[in-house]
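So you can see what is in the structure, the chains are spelled out below.
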Amino acid sequence: MKYKNLVGVYHYSQRAKDPDPELTNVPEFVLYPETRINHFEEKAACASAHDIELNPTPLPDDEICQEFLGVKKLLVSETVTDQINQSGHGKSLEITSFSDDPYDDLDDMLSRIKNEVKGPGKKYIYAYDPEPDGTMHEKGPDSPEVRALIKERDRKISKLATELHDTLLVVIADHGHIKNRTVFLEDYPELLRLMTRTTSIDQRAAAFKIKSGQKDEFEKLFNERFGNFYNLYRSSEVVKSHLFGNGEENPLFRPALGDFLAVAVSDVTITAPGDEPH
């Protein structure tokens, strides 16, 4: 079925000691009721430059900037909205709370969507809602406040769907939330000494770059300490599996991936030096 309009509503869905007696391989855990995605592009592109903890002579700010500028052209620079508007096939716009013309609240966002759809011509509308993600980070994913926010959005977006005609309405989230326990990698110097830089990609899908000749030692130690909580894959396995998709490979992909990818299979989250627990 073809639609005149496409609307995407996007939900960008205290270090206290709290040791867990069941996790004997990990001496220190923190109960923290959330998890979120790291900024991949900047951290992946400048991983070695950002690694103040691991490098004895960190790069000065001007060299970090030059390093980032050198790879910036390889990062995605045009949004879907840009591409549609440049193609001349219909109109595309973004409705967010942080744009030059921000909406006031959820009702205002939905009202703007409805009014735009009523206009002539084909449209792609990207609408961004910072909730319930923001409250999940603050209150936890199972809090009464979050439940109320989800119910409100379910009710109001369902109503909007009945009022839109010749329109495909898609509601998605960029990630989920769980209550997690954070382990700090700085408490494992035997692992840090084998790394050439801090981790990249994400805390629950952490990429590790290891010193030459130390991969087997790292793999052994990591699995001894975190094997119950993470699956550790060599980068060659990740590339072969097409875990990140089947498209054309970006030149930044393998440098960002490093030598190993640790994928969480529990509620444990590894936080490297320089990262904030999420």
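Before going into details, it helps to say that this report is about the structure given with it.

Rules used in this analysis
Residues numbered from 1 in each chain as written. Predicted model: local features only at pLDDT ≥ 70, side-chain atom pairs only at ≥ 80, totals over all residues. Heavy atoms only, no water. Helix = DSSP H or I, 4+ residues; strand = E, 2+ residues; numbered from the N terminus. Buried < 20%, exposed > 50% of the residue type's maximum accessible area, 1.4 Å probe, protein only. Areas by Shrake-Rupley, 256 points an atom, 1.4 Å probe, with all protein chains shown as cover. Pairing = 2+ DSSP bridges. Right-handed = clockwise from strand over helix to strand, strands pointing away. Axes fitted to C-alpha atoms, helices over the stretch in contact; angles between N-to-C directions. Contact = heavy atoms within 4.5 Å.

1. A short note on the overall build of the chain
In step 1: Within the chain one finds eleven helices and eleven strands.
In step 2: Across the 278 residues of the chain, 41% fall into the buried class.
In step 3: When the accessible area of the chain is evaluated, it comes to approximately 15800 Å², of which 52% is carbon and sulfur surface.

2. Observations regarding the pairing of strand β6 (residues 180-184)
In step 1: Within β6, five of the five residues are buried, leaving the element largely enclosed by the surrounding structure.
In step 2: Here β6 shows a buried face lined by N180, T182 and F184 and a second buried face lined by R181 and V183.
In step 3: Alignment of β6 against strand β11 (residues 268-271), held across four bridges, turns out to be parallel. Note on β11: the bridge partner recorded for T182 is T269.

3. Some details on the pairing of strand β4 (residues 123-129)
Strand residues, when the strand is regular, have side chains that alternate between the two faces of the sheet.
In step 1: Among the seven residues that make up β4, six are buried, leaving the element largely enclosed by the rest of the structure.
In step 2: The sheet contact formed by strand β3 (residues 91-95) and β4 spans five bridges and is parallel. Opposite E94, over in β4, you have Y126 as the bridge partner.
In step 3: As a crossover connection, the stretch from β3 through helix α5 (residues 106-118) into β4 is right-handed.

4. Comments concerning the sheet that holds strand β9 (residues 230-234)
In step 1: Taken together, the four strands give an open sheet; going across it, the order is β7-β8-β10-β9, and neighbouring strands pair in antiparallel fashion. If you trace the sheet from one side to the other, it starts and ends with β7 (200-202) and β9, each paired once. Shown here is a sheet whose adjacent strand axes are inclined to one another by a mean of 15°, direction ignored.
In step 2: Note: strand β8 (residues 205-208) against strand β10 (residues 260-264), four bridges, orientation antiparallel. Opposite A205, over in β10, you have V263 as the bridge partner.
In step 3: The strands touched by helix α9 (residues 215-226) are β8, β9 and β10; relative to β9, the strand with the most contacts, the crossing angle is about 165°.

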